[in-house]
Amino acid sequence: MDEIRVRIAPSPSGNLHIGTARTALFNYLFARKNGGKYVLRIEDTDAERTSQAYIDNIFDSLKALGLNWDEGPDVGGEYGPYTQSERFDIYPKYAQILLDKGFAYECYCTPEELEAEKEEAAKNKQAYVYSKKCENLTEEQKEKLKAEGRKPAIRFSVSKAQQAFHSSPVIHFNDLVKGDLHQDTSLIGDFVIMKSNGTPTYNFAVVVDDMLMKISHIIRGEDHISNTFKQILIYEALGADVPKFGHLGMILAPDRSKLSKRHGATAVSEFVEKGYLTEALLNFVALLGWSPSDGVEIKTLDEIAQDFRIGEVSSSNSIFEYDKLNWMNGQYIKKMDIKKLTEMAKPFLKKYDLSELSEEQLEKVIAATREPITILSELEHDTAYFFGKDIEYDEGVKAENIDTEQAQNILKYFDSQLDSYDFDNEEKLHEQMADFRTYFKENYGIKPKVTMWTIRAALTGRTRGADMGVILEVLGKDKVKYRIEKAIA
RNA sequence: GCUCCCAUCGUCUAGAGGCCUAGGACACAUCCCUUUCACGGAUGCGACAGGGGUUCAAAUCCCCUUGGGAGUACCA
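Residues numbered from 1 in each chain as written. Chains lettered and ligands numbered in written order. Predicted model: local features only at pLDDT ≥ 70, side-chain atom pairs only at ≥ 80, totals over all residues. Heavy atoms only, no water.

S.K.: Before we move on, can you summarise the sheet that holds strand β3 (residues 104-107) with the specific residues and values?
M.R.: With antiparallel pairing, three strands are arranged side by side in an open sheet as β3-β4-β7. Since the sheet does not close on itself, it has two edges, and those belong to β3 and β7 (192-194), each with one partner. The mean inter-strand angle of the sheet, taken between neighbouring strand axes irrespective of direction, is 45 degrees. Sheet analysis places strand β4 (residues 153-156) next to β7, joined by two bridges and oriented antiparallel. Considered in β7, the bridge of Ile154 is made with Met194. (Pairing = 2+ DSSP bridges. Helix = DSSP H or I, 4+ residues; strand = E, 2+ residues; numbered from the N terminus. Axes fitted to C-alpha atoms, helices over the stretch in contact; angles between N-to-C directions.)

Quick look at the structure:
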C-alpha cells in the first residue's frame, strides 16, 4: 500500500452538508499535497433514504467547490463501481470469507428478542452488548429457525478477531490528527455486518470498499472514532492492510449543538443560494481546524494544498460563525472579476427588469455596489434605485434631506443646470459636479457633503449607496431630471 | 448510564517547557482617509476552564474536577 489514496464517501440522504464539504476538502488537500488520488464513493446502501436529487446535489456542490475527484461514479476508475448499491453482489462474498474463517456467524434473533435484551441491560443499568446467543448454533438449530421463516443476519465476532490479532482487549491505533486512540473491545458487542435482507451494514461495506479501492488514508469526522475499532478488526479478519486514520473535529453551531437548519444554511447549495461564493465558503471552511503557516488567511485551493499538513489540523471541534464567513465572502466579492461577478449577481436581481440596462451598464452598477456587501443577496436592495422610474424613500430621508428649504434650493438649482451637463462624458460630468458643489460652498457655505447628500437622496431615496458619478451616468439625464423634479415639492 | 474525544480572547486560531507582560484573523469601539455610504489604514478592548502535581522554569507534560462534543442500531 504505497500509493496514497483517500476518499470522500457521502451518503445521499441529504444535500451536501457543509461538514461533509470540509471533510472532502481535507481529503482533497491531503491527496494533492502528497501526490495521491482522491476518490468519490456514494454510500447508498440504505435505499429508503437515498434519492437521485441528493446524489446530483452532492456532485454539483463538490464540483462547484472545485473539489474534483480522480475516480468516482461518473468518471470511473480502476476500482469501480463507485456506488455502493452497484456493489451489492460483492459484500456477501467477503461475509462468507469471514464466516469461513470463523470471524462471523449467523444470527437468527428477531428484532423483538434484541429489543428485550436491550431493555434488560437498561434495567440493570448496564451497557448493552449483544448476548452472542447465536454464536454457537448447531446446524439443526439453524435449520429449525429457518423453517420458522427466519432469515439470518450475519454478525462479526469481535472477541474472536480481537484474540486473533491483539494481545489485549484494549486496542490502539495512531490517529493522524489525534494521536494514540484506544478502546476496550470487550465493550463492543458482536455487530451485524450483513442485514437479514442481504445488504451490508455501513461498517462492513466501508471496510470492504476501502480495502478493494485500496484506500490508504481515511480522513473523516470524529463521529467515526468508535467505528474505527470495529473496522480495524474487520480489516484484520479479512487479512487486509489496515489504512491510516485521521479524525477531524466536528463543526458545531454557535450554541454548540449540531449544525442544523434551525441555525441557517447547512448545505453548500443553500449557502450558494443565499449569495455565498464557493471560493469563500471553501476558504472559510479550511480555516476551521487548519491554519496557514504564513498567517495569510485568504488563499486559493492550490495555495492551501501546498501548505497543508494533516498532522497540524486542530483536533477540537469548531463553531461555525457567520461573521468571518461574511467578511471573507466580501473579500472575494471585491476581488472577483467583474464580468463573472455580474453573471453571478443576475439571479439575485430577478426582481428587476435587467433589460433596462446594457450589459456594460449593469457591470458598472455591480462594480459600484459591490464594495460594502458581504453576500450577493444584498445586491437586490443595494441596486434598487438603478431600476424603474420611481424610487422608494428610506424612512426620514425625504423629511431630512429633501423637504428642507435648503435642500429644495439645491435641487432647484441642480434642475436648472441639468440641461448643460454632459451625461455622455464621464470626465466632464465629474468636473461639472465639482463645480456644482463649489457653487454652493462658495455662495452659501454649504458643505460639499451636504450638497451631494441632497442630490443622492433625491435620486436614490437613500443617503448611502454607489458612487454619485455612476448613479448619474447609469440613470441618464432623463431619469435624473424626472426624479429631481419629482423631489421638488 | 457506559465508552471515547476535546478544552488559549465572544468566534476561528498561533503556540509542540524558557523567545509569551500569550501572536494573528473576524466581530466590537475610537480615530484617520473621503464629494455620501463603504473600502482601506491606525489604535484599543479581549483568552491560557478550575485545582493539584513534575520541573530551576508550564499555555505547553501528568492527574483530578468541571464543561462541551461524539458513539452506544439489521442508519450512514
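S.K.: Can you explain unusual backbone geometry? Please cite residues and give values.
M.R.: Cis peptide bonds are those with omega within 30 degrees of zero, and the linkage from Gly80 to Pro81 qualifies with -5 degrees. Structurally, Pro81 can be placed in the loop between α2 (52-65) and α3 (91-101). Phi angles above zero are rare outside glycine, and Lys214 is one such case at about 55 degrees. Position of Lys214 relative to the elements: it lies in the loop between α7 (202-212) and β8 (217-221).

S.K.: Lay out the nonpolar core in plain terms, naming residues and giving numbers.
M.R.: Counting 103 residues, the largest nonpolar core has Tyr38, Leu67 and Phe386 as the members making the most contacts within it. If we skip the residues at most four places from it in the chain, Leu67 touches Ala21, Ala24, Leu25, Tyr28, Tyr38, Leu62, Leu282 and Leu301. (Core = buried A, V, L, I, M, F, W, Y, C linked by side-chain atoms within 4.5 Å. Buried < 20%, exposed > 50% of the residue type's maximum accessible area, 1.4 Å probe, protein only. Contact = heavy atoms within 4.5 Å.)

S.K.: Could you give an account of the confidence of the model for chain A, naming the residues involved and the relevant values?
M.R.: Of the residues in chain A, 100% have a pLDDT of 70 or more, and the chain-wide mean is 93. Scored by ipTM, the complex comes to 0.95, with pTM at 0.94. (pLDDT = per-residue confidence, 0-100.)

S.K.: Could you give an account of the protein's contact with RNA strand B, naming the residues involved and the relevant values?
M.R.: With respect to spatial proximity, 60 residues lie near RNA strand B, and among them Lys195, Leu287, Glu297, His430 and Arg456 are the closest. For RNA strand B, the fraction of protein-proximal atoms (within 4 Å) that sit in sugar or phosphate groups is 76%. Take Glu222: an N or O atom from its side chain is 3.4 Å from a sugar or linking oxygen of RNA strand B. Within the contact set of RNA strand B, a base nitrogen lies 3.3 Å away from a side-chain nitrogen or oxygen of Asn227. Counting residues per element, the surface near RNA strand B draws most heavily on helix α12 (residues 322-335), which supplies five residues. Within the surface near RNA strand B, the residues separate by chemical class into 19 nonpolar, 19 polar and 22 charged. (Near = heavy atom within 4 Å. Polar contact = N/O pair within 3.5 Å; in protein donor to acceptor, adjacent residues only side chain to side chain. Nonpolar A, V, L, I, M, F, W, Y, C, P; charged D, E, K, R; others polar.)

S.K.: Now, about the packing of aromatic side chains: what can you tell me, with residues and values included?
M.R.: Two aromatic rings, taken as a pair, are described by how far apart their centres are and by the angle between their planes. Using the criterion set out here, one finds 25 aromatic pairs in the structure. Considering the side-chain rings of Phe271 and Phe320, the 5.6 Å spacing of their centres and the 50 degrees angle between planes classify their relative orientation as tilted. Taken together, the residues Phe271 in helix α9 (residues 268-274) and Phe320 in the loop between β11 (318-319) and α12 connect sequence positions 49 residues apart. As far as the burial class goes, Phe271 and Phe320 line up, both buried. Ring pairs connect the aromatic residues Tyr413, Phe414, Tyr421, Phe436, Tyr439, Phe440 and Tyr444, which therefore count as one cluster. Stacked on the ring of Phe191, the Lys or Arg Lys230 has its end atom at 5.2 Å from the ring centre. Over the ring of Tyr393 we find Lys398; its NZ or CZ atom is 5.7 Å from the centre of that ring. (Phe/Tyr/Trp six-rings, centres within 6.5 Å; stacked < 30°, edge-to-face > 60°. Lys NZ or Arg CZ within 6 Å of the ring centre and 35° of its normal.)

S.K.: Could you give an account of the side chain of Asp210, naming the residues involved and the relevant values?
M.R.: Inspection of the secondary structure puts Asp210 in helix α7. On the basis of relative accessibility, which here comes to 1%, the residue Asp210 falls in the buried class. Excluding anything up to four places from it in sequence, Asp210 contacts Arg7, Arg41, Ile215, Ile218 and Tyr235.

S.K.: Can you explain the pattern of salt bridges? Please cite residues and give values.
M.R.: For the structure on display, the rule yields 34 salt bridges. When the shortest N-O distance is used, the salt bridge between Lys324 and Glu297 registers 3.0 Å. Of this pair, Lys324 sits in helix α12 while Glu297 sits in the loop between α10 (278-286) and α11 (301-307); the two residues are 27 residues apart in sequence, bridging distant segments of the chain. Its relative accessible area of 28% is what places Glu297 among the partly exposed residues. What emerges from the salt-bridge pattern is a single network uniting Arg7, Arg41, Glu43, Arg87, Asp209 and Asp210. (Salt bridge = Lys/Arg side-chain N within 4 Å of Asp/Glu carboxyl O.)

S.K.: Could you give an account of helix α18 (residues 426-444), with specific residues and numbers?
M.R.: Here α18 is 19 residues long and its end C-alpha atoms lie 27 Å apart, about the 27 Å a rise of 1.5 Å per residue gives. Residues of α18 that are buried: Leu429, Gln432, Met433, Phe436 and Phe440. Along the axis of α18, the buried residues cluster in a sector spanning 100 degrees; they form a single face. Turned more than 90 degrees away from the buried face of α18, the exposed residues are Glu427, His430, Asp435, Lys441 and Glu442. Among the structural elements, α17 (405-417), α19 (448-460) and α20 (468-487) are those in contact with the buried residues of α18. Between the side-chain oxygen of the N-cap and the backbone nitrogen of Glu427 there are 3.1 Å, and the N-cap of α18 in question is Asn425. A positive backbone phi angle near 70 degrees is found at Gly445, which sits one or two residues after α18. (Expected span 1.5 Å × (residues − 1). Arc of directions from axis to C-beta.)

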